[in-house]
Amino acid sequence: MVKVSVVVAVYNPGQEIDKLLESLDAQSMPRDEFEVIFADDDSTDGTRERLRDWARERPNVRVLHNTPNSGWPGRPRNLGIDAAKGEFVFFADNDDKFTPKALEWMYDYAHANQSDVVVTKEVGVGADRGVMGPIFRKNIPDAKLGTDPILGVLTPHKLIRTSLLREHGIRFPEGRVRLEDHYVVIASYFAAKRISVLADRLCYYWMRRESSGENAQFSSATPAVYYAGVARALEVVEANTTPGDFRNELYSHWYITKMLARLGGGFLTRSPASRERLVEALREVSTRFGMDERMLPYLGAGTRARAQLLHHGTVDDLCDLAKVNRVTSRVSVDEFTWTDDGRLSLSVRAEFVYEDSKKPVELLTRDGRVYWEVPAMGGRLDPIDVSDCVGKVMVDVLATDRTTHEMRYLVSRSRPVLSTDRIAAITEVVIDPAEIFREKPVGTVIDLRTRLTGFGWTSIARIPVPKFAGLPAERSAPEYGRVQAYGTKGYGKLSLKLVDADGRPRLPKEAVSSSREAGDDVPGWGELAVLLTHAATRKLRRTAGKARRVATTARR
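Residues numbered from 1 in each chain as written. Predicted model: local features only at pLDDT ≥ 70, side-chain atom pairs only at ≥ 80, totals over all residues. Heavy atoms only, no water.

Chemist: In this structure, what is going on with the overall build of the chain? I would like to understand it.
Modeler: The helix and strand inventory of the chain stands at 14 helices and 25 strands. When burial is assessed residue by residue, the chain has 55% of its 556 residues classed as buried. Long-range pairs, those at least 24 residues apart, make up 76% of the contacts in the chain with a sequence separation of at least 6. As presented, the chain carries roughly 24,500 Å² of accessible surface, and 49% of it is formed by carbon and sulfur atoms. (Helix = DSSP H or I, 4+ residues; strand = E, 2+ residues; numbered from the N terminus. Buried < 20%, exposed > 50% of the residue type's maximum accessible area, 1.4 Å probe, protein only. Contact = heavy atoms within 4.5 Å. Areas by Shrake-Rupley, 256 points an atom, 1.4 Å probe, with all protein chains shown as cover.)

Chemist: Help me understand the environment of Pro 466, please; the structure alone is not making it clear to me.
Modeler: With respect to the element layout, Pro 466 can be found in the loop between β20 (457-462) and β21 (472-474). According to the relative accessible area criterion, Pro 466 is buried, its value standing at 6%. Sequence spacing of Pro 466 and Glu 335 is 131 residues, and the spatial spacing of their C-alpha atoms is 8.0 Å.

Chemist: Would you take a moment to explain the packing of helix α1 (residues 18-25) against helix α2 (residues 47-56) for this structure?
Modeler: It is at 13 Å that the axes of α1 and α2 come closest, and there the two elements cross at 15°. On the basis of their axis angle, the class for α1 and α2 is roughly parallel. In terms of crossing hand, the pair formed by α1 and α2 is right-handed. From α1, Asp 18, Leu 21, Leu 24 and Asp 25 reach across to α2, where they touch Arg 50, Leu 51 and Trp 54. Grouping the constituent residues of the contact of α1 with α2 by class yields four nonpolar, no polar and three charged. (Axes fitted to C-alpha atoms, helices over the stretch in contact; angles between N-to-C directions. Parallel < 35°, antiparallel > 145°, perpendicular 65-115°, else oblique. Left-handed = near helix turned anticlockwise from the far one by under 90°. Nonpolar A, V, L, I, M, F, W, Y, C, P; charged D, E, K, R; others polar.)

Chemist: Got a minute to help me understand helix α9 (residues 272-288) in this structure?
Modeler: Residue pairs three or four apart in sequence face the same way in an α-helix, which turns once every 3.6 residues. In this model α9 runs 25 Å from its N-terminal to its C-terminal C-alpha over 17 residues, within 8% of the 24 Å that 1.5 Å per residue would give. Along α9, the positions that sit buried rather than exposed are Ser 274, Arg 275, Leu 278, Val 279, Ala 281, Leu 282, Val 285 and Ser 286. Down the axis of α9, the sector holding all buried residues measures 160°, keeping them to one side. Residues of α9 that are exposed and point more than 90 degrees away from the buried face comprise Pro 272, Glu 280, Glu 284 and Thr 287. Downstream of α9 by one or two residues, Gly 290 has phi in the positive range, about 65°. (Expected span 1.5 Å × (residues − 1). Arc of directions from axis to C-beta.)

Chemist: It is not clear to me how helix α8 (residues 245-259) should be interpreted in this structure. Could you clarify?
Modeler: For α8, with 15 residues, the first-to-last C-alpha span of 19 Å sits near the 21 Å given by 1.5 Å per residue. By the largest-angle criterion, Tyr 251 marks the main kink of α8, which is about 25°. If you check which residues of α8 are buried, you get Arg 247, Asn 248, Leu 250, Tyr 251, Ser 252, His 253, Trp 254, Tyr 255, Lys 258 and Met 259. The secondary structure elements touched by the buried residues of α8 are α6 (180-191), α7 (223-240), α9 and α10 (301-312). (Bend = angle between axes of the 7 residues up to and from the residue.)

Chemist: Whenever I open this one, empty space enclosed by the protein confuses me. Can you help?
Modeler: Here the idea is plain: a probe the size of a water molecule rolls over the atoms and shows the empty space left. Here the structure, examined in full by the defined rule, presents three cavities of 30 Å³ or more. Approximately 40 Å³ is the volume attributed to the largest cavity. Along its surface, the largest cavity is lined by Leu 24, Asp 25, Arg 31, Phe 34, Val 36, Trp 54, Arg 58, Asn 60 and Val 61. Residue assignment for the lining of the largest cavity shows that the elements contributing at least two residues are α1 and β2 (34-40). Class assignment for the residues of the lining of the largest cavity results in five nonpolar, one polar and three charged. (1 Å grid on protein atoms, 1.4 Å probe; cavity = no way out; pocket = protein on both sides within 12 Å on 5 of 7 lines; lining within 4 Å. Points joined across faces, edges and corners; volume = space filled by probe spheres on them.)

This is the structure we're talking about:
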């Protein structure tokens, strides 16, 4: 039985397809249990001939040819749906790649939960490829629209039951259309009896093509063409809901991420004529789907300001707002200690600040209500009522593997800082090195970040090394691994590195070199560094016997 059909729309990927081919060959699922269907959209770079040669040695691989070129992935993917023999279909892009156990993990999870759709954990690699939302905070066997954040990732990289697509006639729009993946994914969500989120297993890398800067789905589009795609997805929501809060909440996803988001800093890079066309398209879609004051409960401070000017202001007003409505975060560490059992205890504070001035974002109170007054708007924008946002600020701690880019949310206790002179939150987290380095090779580096959310803003920032001295460290017997905590060279951001562990393979040197980010090199002379020892597994640490004494070291 064919369990999974991997459908790949292909057009002129060149050597960028190599990583995908290698990852398909490396799958742990037996080859007689999955198939790969390459639907070539009339490539001109020799890819089709190369894939046919590749398929001759692999009986589970087929190459389809669509001609003439359709100009977009929709038609090739539909050919794949028609040809699929698998119980499930997975849509992959020709410049992405799988992790070695991806198909096995996805199918087993779907089978265990009787899922029609599995939202699999994917990591974005490269510019404009961030996938860090709360959707992958934890596994959700039975996710619900409107309750769980499954709209957070609408890429087509999902495991979808083949019979669901066919029985409901769900197909990709064909031709040069935008957001064709949104249309199929949201239609599949409504048709599915059960949607599941697989968050604790990294399955897929969503890559940005290195050679040309273009992706399988990247192309410039006029606002009219782009927002026709947005409207197509909204029509699916409209057809499957009744007027009211549930519909409005679903609408708000596209309103925020695909409409109001276009009025940020990128708005200023457009020509005056392009700005006019964009605003015209936004107003047209807003009017068509009733995106007015009914959307306000689902918006934050910044998006409420944009919405107010979109409907009642001018293009010049929107430009001025884009110049000042840039918010980031400032992070500090209040506590940094090692526990007796070898875990790292942190207390981290994060607050929203304006990107240019680095001044805290402040609020004002009036008649029992709380408002955000947008700076430098000269009275053209009324203060934004954000009373319903107070007390809903939180900060998470994220651990990111610098080599694999895998990100995980660490269990923490977050609480808001209740004050009008700043918007902030504090969190306490205890990091277990044996857990975050589980099954990872020696040389792995984990970068620590915060994700601050509140008032509609989200900011991800590196955690700095605390300014105070005397960082404690743990030492133990030689059979235990060693973890190094250090500040990155020139930047002083907190990272952890597995420097030794018995029985663990070592990360290849080329992987270490290619994984270094700006300011994230290995520790150098004069940097703060701490060596601690920990059990490679919980079992080893539990049998360690007496509690190990804490010692402090610092590299100078």
